[in-house]
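# Survey of secondary and tertiary structure
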Amino acid sequence: MLWIAILASFVSFLDGSVINVALPAISRELGGGLTTQQWVVDAYLITLGSLILVAGSLSDLLGRVVILRAGLIGFGATSVMCALAPTADWLVLARALQGVAGALLVPSSLALITSNFDEAPRAKAIGQWTAGTTVAFIAGPLLGGVLVDSVGWRWIFGINVLPIAVTLYLLAVLRVKDVRKEGVRIDYAGAVLCVLGLAGPVYALIEQGNYGWGSPLILMPLVLGILCLAGFIWREKTAKHPLLPLSLFAVRNFAVGNVATAFVYAALSIGGFIIVLFLQQVAGFPATSAALALLPVSLVNILLASWFGSLAGRFGPRWFMAFGPVLAGVGYLLMLASEIPVNYWTQLMPGILLFAVGLSATVAPLTAAILGSISEQQAGIGSAANNAVSRVAGLIGISLVGLVMGGKLDLDGFHRVVTVTAVLLILGGIVSAVGIQNPRERPAVRARQKVPSQITRNYRIFRPGR
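Everything numeric here is computed off the predicted structure, so don't read it as measured data.

This part is about the overall build of the protein. A count of helices and strands for the protein gives 18 helices and zero strands. The 466 residues of the protein split such that 58% are buried. Looking at the protein alone, contacts between residues at least 24 apart form 84% of all its contacts between residues at least 6 apart. A total of about 18,300 Å² of accessible surface is found on the protein, and carbon and sulfur atoms cover 68% of it.

Dropping the structure here:
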């Protein structure tokens, strides 16, 4: 059972951690430049971020195994579509469909763990699940770089087929018992408003460089998208069975923690996206070397994240959430020393290491603050909401890159994007310092009771395409 959950999530996380490395090769073959690169990432995130709450409800209504199997089959089929894409438009469409399938995988895989393991075994199983997916974070970029440099970018999608086949085989052989909940209702209207509300502004932000802000092709999607987002909020406020219960945001630490999540995750997505592109397209690094550039971040997080989590459990999460993002932001400011030709060891490595330490100090306390502020019965929807916030933040962050860069990736454009990344991280720290409250009593106990949320599982993702 545990292996099914790990493998099901592994393919989604592997696909997400590998995509940035392949973007330059994709645009060289299919054309489209920066716009294509942004859409390859954001098409996936639009459907994934807007449908992940629906997927959780479908899992409860139709059964975890049914939804997991559908997600696996869909992810495999769309991976093949991506690998065989003859044009950029085909690839973008396939990535959007892949996001739909990806939205079905993570909630269902975690639901299998929570429904098949009791208290102590459940905590251990979630820890093993997290460790298994960490392998995807670390191996993904390196594997992607090797594949791009050797057999081509299409194979980064082809490698998904094997773990999907193994997982489907285990589901069939083990005959996992399905679980359904009574009385579940799905807010389809809310889901449609959410998708349209995200797609319109993202389309406008990415395509404004091609058409200009005054074009009806930009203004109409932008206005309609904003209206749909407003409609989504109204719908969630009035619906009997909302996708996203807005009452959660009446809890101070939950609301403030998610604002901090939005700033931090937008920065993570932008930073990872721009560094990999800059190293390949401006500095001339091969894909494998560009992938290795961010490996220290994963290694530092593995070494320090648990320690910072323990400290936050003893002293409360507030100041860790405050100084961690600020430290990470200063790391990005150090990268402003980069010049052409690029010397990775002196111009980028110091900033990357400082960013890694700051990120390590942020992730576990952020999780403790968000999920520790709500009841255990709300942990599932709280984690899903935090997951959706992080995905949408990454989506919007990537859509802004072209606007900040000025449409051209050069040293000056890199410096502008790095500066914005640093500002977003520092804002996340300021929001936390001002708004987060430490638990009044027994913070260590509350920290131990937390359930790992998507942000702890995704803090090593440096691209939003996951």
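Running from N to C, helix 13 (residues 318-334) and helix 14 (residues 344-371) cross one another at 160 degrees; their axes reach a closest spacing of 7 Å. Considering the angle they form, helix 13 stands roughly antiparallel to helix 14. By crossing handedness, the relation of helix 13 to helix 14 is classed as left-handed. Class assignment for the residues of the contact of helix 13 with helix 14 results in 18 nonpolar, six polar and no charged.

Another aspect to go through is the packing of helix 12 (residues 295-315) against helix 14. Where helix 12 contacts helix 14, the two axes come as close as 7 Å, and the packing angle between them is 30 degrees. Read as a crossing pair, helix 12 and helix 14 show a hand that is right-handed. Its residues assigned to classes, the contact of helix 12 with helix 14 shows 19 nonpolar, three polar and no charged.

On inspection of all chains with the given rule, the structure shows two salt bridges. Across the salt bridge formed by D187 and R235, the nearest N and O atoms sit 2.8 Å from each other. Pair noted here: D187 is in the loop between helix 7 (161-174) and helix 8 (188-211) and R235 is in helix 9 (residues 216-238), with a separation of 48 residues, a long-range link. R235 sits in the partly exposed class, given a relative accessible area of 29%.

A word on the packing of aromatic side chains. Per the counting criterion, the structure on display carries ten aromatic pairs. With a centroid separation of 3.9 Å and an interplanar angle of 10 degrees, the aromatic rings of F278 and F414 are classed as stacked. You can see F278 sitting in helix 10 (residues 252-281) and its partner F414 sitting in helix 16 (residues 411-435), a full 136 residues away along the chain. No difference in accessibility class separates F278 from F414, as the two residues are buried. Taken together, the aromatic side chains of W307, F308, F320 and F323 make up a single cluster linked through ring pairs.

Core analysis: the biggest nonpolar cluster contains 118 residues, and L91 and W153 have the highest contact counts within it. When residues no more than four places from it in sequence are discounted, the contact partners of W153 are A22, A25, I26, E29, L30, C82, L91 and V148. Counting residues in each nonpolar core, the second largest holds five residues, with F308, A312, F320 and A361 among its members.

With that out of the way, let us pick up the confidence of the model for the protein. With 86% of its residues at a pLDDT of 70 or more, the protein shows a mean pLDDT of 85. Summarising per-element confidence for the protein, the mean pLDDT is lowest in helix 18 (residues 454-458) (38) and highest in helix 16 (97). Here residues 442-466 scores under 50 on pLDDT; set against residues more than four positions off or in separate chains, the count is 98 contacts.

Bringing the side chain of R95 into the picture now. On the secondary structure map, R95 appears in helix 4 (residues 88-116). Within the structure, the side chain of R95 is placed 2.9 Å from the side chain of Q98, a separation counted as a polar contact.

The end-to-end C-alpha distance of helix 9 is 32 Å, a good match for the 33 Å that 23 residues give at a rise of 1.5 Å each. In this fold, the buried residues of helix 9 make contact with helix 8. Between the side-chain oxygen at the start of helix 9 and the backbone nitrogen of L217 there is a gap of 3.1 Å, and the oxygen is on S215.

In this structure, the amide linkage connecting I340 to the following residue, P341, adopts the cis form with an omega of 0 degrees. Along the chain, the position of P341 falls in the loop between helix 13 and helix 14.

Moving on, we get to helix 2 (residues 33-62). Counted at 1.5 Å a residue, the expected span for helix 2 with its 30 residues is 44 Å, and the 42 Å between its end C-alpha atoms agrees. Taken as a whole, helix 2 carries its principal kink of about 45 degrees at I52. Of all the 30 residues making up helix 2, 25 are buried; the element is thus mostly covered by neighbouring parts of the structure. Backbone geometry just after helix 2 places G63 at a positive phi near 110 degrees.

Position of Q347 among the secondary structure elements: in helix 14. When near neighbours in sequence (up to four residues on either side) are disregarded, Q347 contacts L334, M335, A337, S338, E339, P341 and V342.

Let's shift gears to the environment of W234. Relative to the elements of secondary structure, W234 occurs in helix 9. Take W234: its relative accessible area is 57%, and that puts it in the exposed class.

Our focus in this paragraph is a nonpolar patch on the surface. A cluster of nonpolar residues, L61, L62, V66 and Y188, forms a patch on the protein surface that exposes about 330 Å² of accessible area. The exposure class assigned to V66 is partly exposed, which follows from its relative accessible area of 35%.

With respect to the helices and strands, L142 occurs in helix 5 (residues 119-150). Overall, the relative accessible area of 36% leaves L142 in the partly exposed class.

Take the environment of S12 next. Mapped onto the elements, S12 comes out in helix 1 (residues 2-30). On the accessibility criterion, S12 (1% relative accessible area) is buried. The sequence separation of S12 and N160 amounts to 148 residues, and the corresponding C-alpha distance is 8.5 Å.

Parameters at a glance
- Residues numbered from 1 in each chain as written.
- Predicted model: local features only at pLDDT ≥ 70, side-chain atom pairs only at ≥ 80, totals over all residues.
- Heavy atoms only, no water.
- Helix = DSSP H or I, 4+ residues; strand = E, 2+ residues; numbered from the N terminus.
- Buried < 20%, exposed > 50% of the residue type's maximum accessible area, 1.4 Å probe, protein only.
- Contact = heavy atoms within 4.5 Å.
- Areas by Shrake-Rupley, 256 points an atom, 1.4 Å probe, with all protein chains shown as cover.
- Axes fitted to C-alpha atoms, helices over the stretch in contact; angles between N-to-C directions.
- Parallel < 35°, antiparallel > 145°, perpendicular 65-115°, else oblique.
- Left-handed = near helix turned anticlockwise from the far one by under 90°.
- Nonpolar A, V, L, I, M, F, W, Y, C, P; charged D, E, K, R; others polar.
- Salt bridge = Lys/Arg side-chain N within 4 Å of Asp/Glu carboxyl O.
- Phe/Tyr/Trp six-rings, centres within 6.5 Å; stacked < 30°, edge-to-face > 60°.
- Core = buried A, V, L, I, M, F, W, Y, C linked by side-chain atoms within 4.5 Å.
- pLDDT = per-residue confidence, 0-100.
- Polar contact = N/O pair within 3.5 Å; in protein donor to acceptor, adjacent residues only side chain to side chain.
- Expected span 1.5 Å × (residues − 1).
- Bend = angle between axes of the 7 residues up to and from the residue.
- Patch = residues over 30% accessible without salt bridge, like charges linked within 9 Å, V, L, I, M, F, W, Y side chains within 5 Å.

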